[in-house]
Amino acid sequence: MDQQQNILYDEVVVNGKETAFTLSPDGILRWHDHSNVLRCLSVEREVLGVSIAKQQIVIRSFVETDGSCVSSCAGGLVRKTFVFQASSDDSARNMCDKIQGYMDSLVRPKKLFLFVNPFGGRKSASKVFTDDVKPILEDANIEYTLQETKYQLHAKEVAHDLDLTKYDGILCVSGDGILVEVVNGLLERKDWQVALKIPIGVIPAGTGNGMIKSLLDSAGQPCTAAYAMLAVIQGHKRSLDVATIWQGQSRFFSVLMLAWGLIADIDIESEQYRWMGSARMDLYGLQRILSLRKYNGCISFVPAPGFEDAGEPTSAAVEPLTTQHHGYQGPKLDLGTLIWRKLNGPFIGIWLQNVAWGSENAMAAPNAKFDDGYLDLIVMQECPKIRLMSLMSEMSNGQYVRSPHVLYIKVKAVILEPGSRTGDSTKEGIIDSDGEVLARGKGTYKCHLNSLMRYDKLQIVLDQGLATLFTPI
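None of the values given here were measured: they were computed from a predicted structure.

Engineer: Any chance you could explain the pattern of salt bridges here in plain terms?
Structural biologist: Where side chains of opposite charge bring their charged atoms close, a pairing between them can arise. Across all of its chains, the model carries 14 salt bridges by this definition. Note that Asp 131 is salt-bridged to Lys 127, the shortest N-O span being 2.5 Å. With Asp 131 and Lys 127 both in helix H2 (residues 125-139), this residue pair falls four residues apart, about one helical turn. Note on Lys 127: relative accessible area 56%, which makes it exposed. With its nearest N and O atoms 2.9 Å apart, the salt bridge here joins Glu 269 to Arg 293. Taken as a pair, Glu 269 in helix H8 (residues 262-269) and Arg 293 in the loop between helix H9 (279-290) and strand S15 (295-303) lie far apart in primary sequence, 24 residues in all.

Okay, here's the thing in structure tokens:
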């Protein structure tokens, strides 16, 4: 490329060898190394920060382990520093200013508010922050305020009162739980419409990590702290649907999933094996299948276009959302005028998914989109135990939804009416949303504990593109 077409063209010394150093209009830095091999860095995808040390330009970057020119996402990411010797102080300042100017045009975050959950998952969040998050923030010259969560719903309280004008984003070093708390806190603010525009990032440091797995997998990237951090540094954003779940005066905002039956039982009852990490799901899942439960009840839903034949026609008695003093009031949707369908139990399990991955190892809803305005509904009613074991193993790639034992559709709204276990009316079930217990029925695990809602009729409606996430694409 002619030097007149470059944003930057200068002569530098790299490892004792003189070479031309350029920045092209598409943001690619190019030079030749000491072996005369052309080297490239994408400012947008690989450069974290740039600084001057006397006549040296120091570029801090995130590159693939194969070291290729503007490489693909096939390998792992490593931090790497490149040092270039300029011919003069003025030349060094000019080069640094040109590179920094291009970076500024990308509108990257400059100050973040960080939540670190030291108690989640394998209690690894503090180490992940120290080893994987802090060094990258420093390389990228990003200022941050750190808040360790002290108790359940702490992040929700902080997000509710946080002065968001001071920050360009919120970062959750945790599993999915802190993200859920932050979204709920933002939705209950008086300025919720403005608050929901602030992007939220997630660094995998919990047991499930379903949201960040879904985000990174959509870009063909592995679910690691490095790739999650790069998504935050780059500053790309995308919208996220949010589901409102309500019962009387109680409401909860869900961004990931809702489960009742088999999946909820595994998710919540396996807490006694939390020290095992994500392996607890496999162990307890096998136990639950061998002693399979079924639940009475019914589910009514508004199907998305193309799924109108699922279930049977019904009319739904919709309980209206109560008006709150402030905050998001819920979806503006006249549910009574919509076309409803219904499925009657017994059920092995019901699963509502907002994103593709329920956890790092379970692709629960392979067709789920972040902002399509629909929840993915998975229903299992009859399935032999041996086949059910096979289906659970197929959750790693989402193939299980093709089974004739699985109903997989998209819906806009749901009314769930849970019942007791078949064969034992004294025992009921658990309703789980985003890894937290919404309702515990009679005779369930830790049923003596309070929960947000009763084990009774719940209503769920999705609102399209309500929240904002940092995303790799």
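Engineer: Just to check I follow, could you spell out the nonpolar core for this structure?
Structural biologist: As a rule of thumb, nonpolar side chains are buried together in soluble globular proteins. Residues Val 133, Val 182 and Met 211 are the most contacted members of the largest nonpolar core, which totals 118 residues. With eight residues, the top contributor of residues to this core is helix H7 (residues 225-234). Counting 23 residues, the second-largest nonpolar core is a separate cluster that includes Val 14, Phe 21, Ile 57 and Met 95.

Engineer: It is not clear to me how the environment of Leu 352 should be interpreted in this structure. Could you clarify?
Structural biologist: Mapped onto the elements, Leu 352 comes out in strand S18 (residues 349-353). Classification of Leu 352 by relative accessible area gives buried; the value is 3%. Residues Leu 352 and Asp 267, 85 residues apart in the sequence, show an inter-C-alpha distance of 14 Å. Sequence-distant contacts of Leu 352, defined by excluding residues within four places in its chain, comprise Leu 256, Met 257, Leu 258, Leu 375, Asp 376, Leu 377, Val 411, Val 414 and Ile 460.

Engineer: So what exactly am I meant to see when it comes to the pairing of strand S1 (residues 8-14) here?
Structural biologist: Each regular strand carries side chains that alternate between the two faces of the sheet. Where burial is concerned, the two faces of S1 differ: the one with Leu 8, Asp 10, Val 12 and Val 14 is buried and the one with Tyr 9, Glu 11 and Val 13 is not. In the sheet, S1 pairs with strand S2 (residues 17-23) via seven bridges, with the strands oriented antiparallel. If you follow Glu 11 over to S2, its bridge partner there is Ala 20. Where S1 hands over to S2, the hairpin turn is made up of two residues, of which Asn 15 adopts a positive phi near 55°.

Engineer: Looking at this structure, I do not really get empty space enclosed by the protein. What am I missing?
Structural biologist: Taking a probe equal in size to a water molecule and rolling it over the atoms shows the remaining empty space. What the rule picks out here adds up to three cavities of 30 Å³ or more. Volume-wise, the largest cavity comes out at about 60 Å³. What lines the largest cavity is Leu 262, Ile 263, Gly 349, Ile 350, Trp 351, Ile 378, Met 380, Met 395 and Tyr 400. Those elements giving two or more residues to the lining of the largest cavity turn out to be H8, S18 and strand S21 (375-380). In terms of residue class, the lining of the largest cavity is made up of eight nonpolar, one polar and no charged.

What counts and what doesn't
- Just so you know, the residues in each chain are numbered from 1, in the order the chain's sequence is written.
- Predicted model: local features are reported for residues with pLDDT of at least 70 only, side-chain atom pairs are reported and counted for 80 or more only, and whole-chain, interface and lining totals are derived from all residues.
- Hydrogens are left out, water is left out, and the side-chain values use all remaining heavy atoms of the structure.
- When a carboxyl oxygen of Asp or Glu is within 4 Å of a side-chain nitrogen of Lys or Arg, the pair counts as a salt bridge.
- Helix numbers and strand numbers start at the N terminus; a helix is a DSSP run of H or I with at least 4 residues, a strand a run of E with at least 2.
- Relative accessibility decides the category of a residue: with a 1.4 Å probe and only protein chains considered, values under 20% of the type maximum give buried, values over 50% give exposed, and everything between is partly exposed.
- What is meant by a nonpolar core is a set of buried Ala, Val, Leu, Ile, Met, Phe, Trp, Tyr and Cys residues, joined one to another through side-chain atoms within 4.5 Å.
- Contact definition: two residues touch when any of their heavy atoms are within 4.5 Å.
- For two strands to be treated as a pair, DSSP must find at least two bridges joining them.
- Any residue with an atom within 4 Å of a point lines the site, the site being either a cavity, points on a 1 Å grid over the protein atoms alone where a 1.4 Å probe fits but cannot get out, or a pocket, an open set with protein on both sides within 12 Å along at least 5 of 7 lines.
- Grid points are joined across faces, edges and corners, and a volume is the space filled by probe spheres set on the points.
- Put simply, Ala, Val, Leu, Ile, Met, Phe, Trp, Tyr, Cys and Pro go in the nonpolar bin, Asp, Glu, Lys and Arg in the charged bin, and everything else, Gly too, in the polar bin.

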